[in-house]
Amino acid sequence: MTAHFITLDGIDGAGKTTQLAVIREWFAAQERPVLFTREPGGTPLGEALRRLLLNPKTQAGLRAETLLMFAARAQHIESVILPALEDGISVVSDRFTDATFAYQGGGRGLPEADIAQLEQWVQGNLRPSLTILLDVPLEVSLARIERSRNKDRFEQEEADFFTRVRQSYLERAAAAPERYTVINSNRGKTVVRRDIEAALEKLFA
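- Named according to an unreviewed UniProt entry, the chain is Thymidylate kinase originating from Eikenella corrodens CC92I.
- Per its UniProt entry, the chain bears the Sequence similarities (unreviewed entry) comment "Belongs to the thymidylate kinase family."
- As its UniProt record puts it under Catalytic activity (unreviewed entry), the chain is described as follows: "dTMP + ATP = dTDP + ADP".

### A short note on the pattern of salt bridges
Pairing between side chains becomes possible if they bear opposite charge and their charged atoms approach one another.
Logical step 1: Going through the model one piece at a time under the given rule, you end up with 17 salt bridges.
Logical step 2: In this structure, the salt-bridge partner of Arg 179 is Asp 98, at a minimum N-O distance of 3.1 Å. Taken together, the residues Arg 179 in the loop between helix H7 (159–175) and strand S5 (180–184) and Asp 98 in helix H4 (residues 97–107) connect sequence positions 81 residues apart.
Logical step 3: When its relative accessible area of 14% is taken as the criterion, Arg 179 is described as buried.
Logical step 4: Judged by its relative accessible area of 3%, Asp 98 is buried.
Logical step 5: Where salt bridges share partners, they join Glu 65, Arg 108, Arg 153 and Glu 157 into one cluster.

### Some points on the layout of surface pockets
Logical step 1: In this structure, the largest pocket spans a volume of roughly 750 Å³.
Logical step 2: As for the largest pocket, its lining consists of 33 residues, of which Asp 12, Gly 13, Lys 16, Arg 95 and Glu 155 are closest to the centre.
Logical step 3: Classifying every residue of the lining of the largest pocket gives 11 nonpolar, nine polar and 13 charged.
Logical step 4: Roughly 150 Å³ of internal volume is contained in the second largest pocket.
Logical step 5: Around the second largest pocket, the lining residues are Ser 129, Leu 130, Pro 177, Glu 178, Arg 179, Tyr 180, Thr 181, Ala 199, Lys 202 and Leu 203.
Logical step 6: Those elements giving two or more residues to the lining of the second largest pocket turn out to be S5 and helix H8 (189–204).
Logical step 7: Per-element tally for the lining of the second largest pocket: the top contributor is H8, with three residues.

Procedures and definitions
- Residues numbered from 1 in each chain as written.
- Predicted model: local features only at pLDDT ≥ 70, side-chain atom pairs only at ≥ 80, totals over all residues.
- Heavy atoms only, no water.
- UniProt positions renumbered as here; feature names shortened; annotations may be inferred.
- Salt bridge = Lys/Arg side-chain N within 4 Å of Asp/Glu carboxyl O.
- Helix = DSSP H or I, 4+ residues; strand = E, 2+ residues; numbered from the N terminus.
- Buried < 20%, exposed > 50% of the residue type's maximum accessible area, 1.4 Å probe, protein only.
- 1 Å grid on protein atoms, 1.4 Å probe; cavity = no way out; pocket = protein on both sides within 12 Å on 5 of 7 lines; lining within 4 Å.
- Points joined across faces, edges and corners; volume = space filled by probe spheres on them.
- Nonpolar A, V, L, I, M, F, W, Y, C, P; charged D, E, K, R; others polar.

See the structure below:
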């Protein structure tokens with residue numbers, strides 16, 4: 001069986017947790033080998049950096065924040081993603097480099113060229129075969145974030161920040177439609193499930 005690298009992304013509150021369960025069920029039904037992981041995280045080092053990066057008390061400048069994201073990613077790729085793909089196991093990651101372009105780039109204003117340089121250095125030619133981008137209106141995202149009992153460092157940002165993040169995601173998807181599938185996740189669960197399953201079936205056809 002062909003192994004693919006798949007990423008699931010979107011602004012906070014877009015419903016990634018719910019749709020990851022849909023993807024798990026699809027792979028199980030297809031009896032395809034798959035490894036699920038997340039960013040930042042996926043390794044002991046990555047999880048330690050995740051706790052640091054999401055902690056509201058962490059004081060980190062934009063460049064330091066971005067470098068920490070890529071440090072976690074470098075370890076993730078080397079010890080988890082590439083070994084799985086080489087063994088014929090597909091990988092599904094909850095967030096990947098698109099999130100850095102959207103959050104540190106679109107949201108915080110780091111030049112895209114700086115992120116692209118780190119992307120090439122850390123990833124080489126590795127890019128996702130498919131990125132499923134879950135999209136919801138900003139007011140839906142903010143309402144879902146507001147219901148979070150403990151907001152992390154990013155969830156505490158203002159509405160303008162998430163407006164820029166969402167716009168960055170949509171611009172990246174529009175520029176590379178062969179890789180991205182944009183799914184409106186502000187609809188009924190059955191409809192969203194159908195669209196995700198169709199994207200996976202197309203990839204593995």
